[in-house]
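Topology and contacts: notes
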Amino acid sequence: MRPMDPILLTGTASPHLGRELALALGVPLSDCHFERFPDGEMHLEVPATVRGRTVVLVQSLTPPAGEHLLELLLMADACWRAGAARLEAVVPYLGYARQDRRARPGEPLGGRLVADMLSQGRFARVLVVDLHSPALEGCFDSPLEHLTALPLLADALRPKVSDTSVVVAPDLGAVKRAEALARLLGRPWAVIHKVRLSGDQVHASGLMGEVRGKRPILVDDMVSTGGTLVAAAGTLREAGCADDFTVVTTHALLVGPAVERLRTLPLGQLVSTDSVEPRAGLPIEHKVVTLAPLVARALRP
């Protein structure tokens, strides 16, 4: 390792991305020892000599987000107390980003709270990828670099895109993302109007765009329980689209009934990044695109 190279550490939420990023940067992935005390408290030790060095910490705030956030802050504190000259955090998936506003009295502003907690890590810079709500950028005290994985995802999709492909936003919140992906792929796009009934139940109530006979590419920033995709698929099939779906997302959380719901769709492929640790043994074809080249470009001086 050259003296100017960063020291790269990864938390337990992001080992796959940590390994890929180490290859992309051409640096070794330093060991970080994790354990738990009998009462469940986390304990970690950073054995690398970090004094006077730039340290890059890689950790997604995937479920359980609170545990992974605390782990990231403990890693940062250990490095700071060991004399690190600069700390940078790579947080590809930022948990609680959906809680960027209060829908009713009595609710917390969870996204702002997480941003405030990250400020305790003394990070000179925080890198995130495809925030659920870009408005959260204004909540960070330390410099925030907001990256997008859409060009990487478009490159992965391009071999299967045909003259019958159409990019579809499953709800109004995904319109800008669908428009951008359609532009990268040179394809038309459509949008579905969604009404959320509960945390994992949604109802699709309208469609704008031509999809009859087309092969839909459903795009969203995250797939959580899959309810939005199932509702969108029902609307698309009623409108006469082809039974050959592709789902593309940055953050494949796949929690709760998501896998079973996706299994019910005529799904040819799920394309996602490694912002969420890839799951083995999925009953659907899953293409994982690493964020390492994108993050490495942002980290290089």
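Model, not experiment: these values are computed from the prediction. Counting of residues starts from 1 at the beginning of each chain's written sequence and follows it residue by residue. Per-residue local features of the predicted model are confined to residues with pLDDT of at least 70, and side-chain atom pairs are confined, for both listing and counting, to 80 or more; whole-chain, interface and lining totals are unaffected and use all residues. In computing side-chain properties, one takes all heavy atoms of the structure into account and sets aside hydrogens as well as water.

Thoughts on the overall build of the protein
- When its secondary structure is counted, the protein shows eight helices and 14 strands.
- Along the first, second and third principal axes, the C-alpha set of the protein runs to 60 × 45 × 35 Å.
- Taking all 301 residues of the protein together, the buried fraction comes to 52%.
- Here, residues are in contact when the closest pair of their heavy atoms is within 4.5 Å. Nonlocal contacts in the protein, meaning residues at least 24 apart in sequence, comprise 64% of its contacts between residues at least 6 apart.
- Only the protein chains shown count as cover for residues, and the accessible areas themselves come from Shrake-Rupley with a 1.4 Å probe. Here the protein displays about 13800 Å² of accessible surface, and carbon together with sulfur accounts for 53% of that area.
- Within the protein, the 33 negative side-chain charges are centred at a point lying 4 Å from the centre of the 32 positive side-chain charges. The helix count covers DSSP runs of H or I at least four residues long, the strand count covers runs of E at least two residues long, and both are numbered beginning at the N terminus. For each residue, the accessible area found with a 1.4 Å probe, counting protein chains only, is set against the maximum for its type, and the residue is called buried under 20%, exposed over 50%, and partly exposed in between. The sign given to each residue is positive for Lys and Arg and negative for Asp and Glu; His and the chain ends receive no count. Taken as the charge location is NZ of Lys, CZ of Arg, CG of Asp or CD of Glu.

A short note on the side chain of R187
- In this fold, R187 is placed in the loop between α5 (175-185) and β9 (189-196).
- Of the buried charged residues, R187 lacks a salt bridge, with D163 as the closest side chain of opposite charge at 4.5 Å.
- Side-chain polar atoms of R187 contact the backbone oxygen of S162, separated by 3.3 Å.
- Ignoring anything within four residues of it in the chain, the contact list for R187 reads V161, S162, D163, T164, S165 and A182. For this analysis, a salt bridge means a side-chain nitrogen from Lys or Arg found within 4 Å of a carboxyl oxygen belonging to Asp or Glu. Polar contacts here mean pairs of N or O atoms no more than 3.5 Å apart (in protein, one a potential hydrogen donor and the other a potential acceptor; neighbouring residues in sequence count only if both atoms are side-chain atoms).

Observations regarding the packing of aromatic side chains
- Planes of paired rings set the category: under 30 degrees apart is stacked, over 60 is edge-to-face and the rest tilted, where pairs are Phe, Tyr or Trp rings (Trp by its six-membered ring) whose centres lie within 6.5 Å. Evaluated as defined, the whole model comprises zero aromatic pairs.
- The rule is short: NZ of Lys or CZ of Arg within 6 Å of the ring centre and within 35 degrees of the ring normal puts a charge over the ring. For R122, the ring lying beneath its charged end belongs to W80, and the centroid distance is 3.5 Å.

A few points about the packing of helix α2 (residues 65-81) against helix α3 (residues 110-118)
- Axes here mean lines fitted to C-alpha atoms, for a helix over just the part in contact, with angles spanning 0 to 180 degrees between N-to-C directions. Interhelical geometry of α2 versus α3 gives an angle of 20° and a closest axis separation of 10 Å. As the angle between them shows, α2 and α3 are arranged roughly parallel. Read as a crossing pair, α2 and α3 show a hand that is right-handed. Note on element contacts: α3 touches α2 through V114, M117 and L118, opposite L69, L72 and L73. Any angle from 65 to 115 degrees is called roughly perpendicular, while one under 35 is roughly parallel, one over 145 is roughly antiparallel, and all others are oblique. Left-handed describes a crossing in which the near helix is turned anticlockwise from the far one by less than a right angle; the clockwise case is right-handed.

Observations concerning the environment of G83
- Within the secondary structure, G83 is located in the loop between α2 and β5 (86-91).
- Separated by 34 residues in the primary sequence, G83 and T49 place their C-alpha atoms 8.9 Å from one another.

Things to note about the nonpolar core
- For the purposes of this section, nonpolar cores are sets of buried Ala, Val, Leu, Ile, Met, Phe, Trp, Tyr and Cys residues that join through side-chain atoms within 4.5 Å. With 41 residues, the main nonpolar core has L21, L181, V248, L291, V295 and L299 as its most contacted residues.
- Ignoring anything within four residues of it in the chain, the contact list for V295 reads L21, V90, L127 and L147.
- In this structure, L9, C32, V50 and L69 belong to the second largest nonpolar core, which totals 32 residues.

Concerning the pattern of salt bridges
- Summed over all chains, the structure comprises 15 salt bridges.
- A salt bridge links R36 to E67; the shortest N-O distance between them is 2.4 Å. One end of the pair, R36, is in strand β2 (residues 33-36); the other, E67, is in helix α2, and 31 residues separate them in sequence.
- On the basis of relative accessibility, which here comes to 47%, the residue R36 falls in the partly exposed class.

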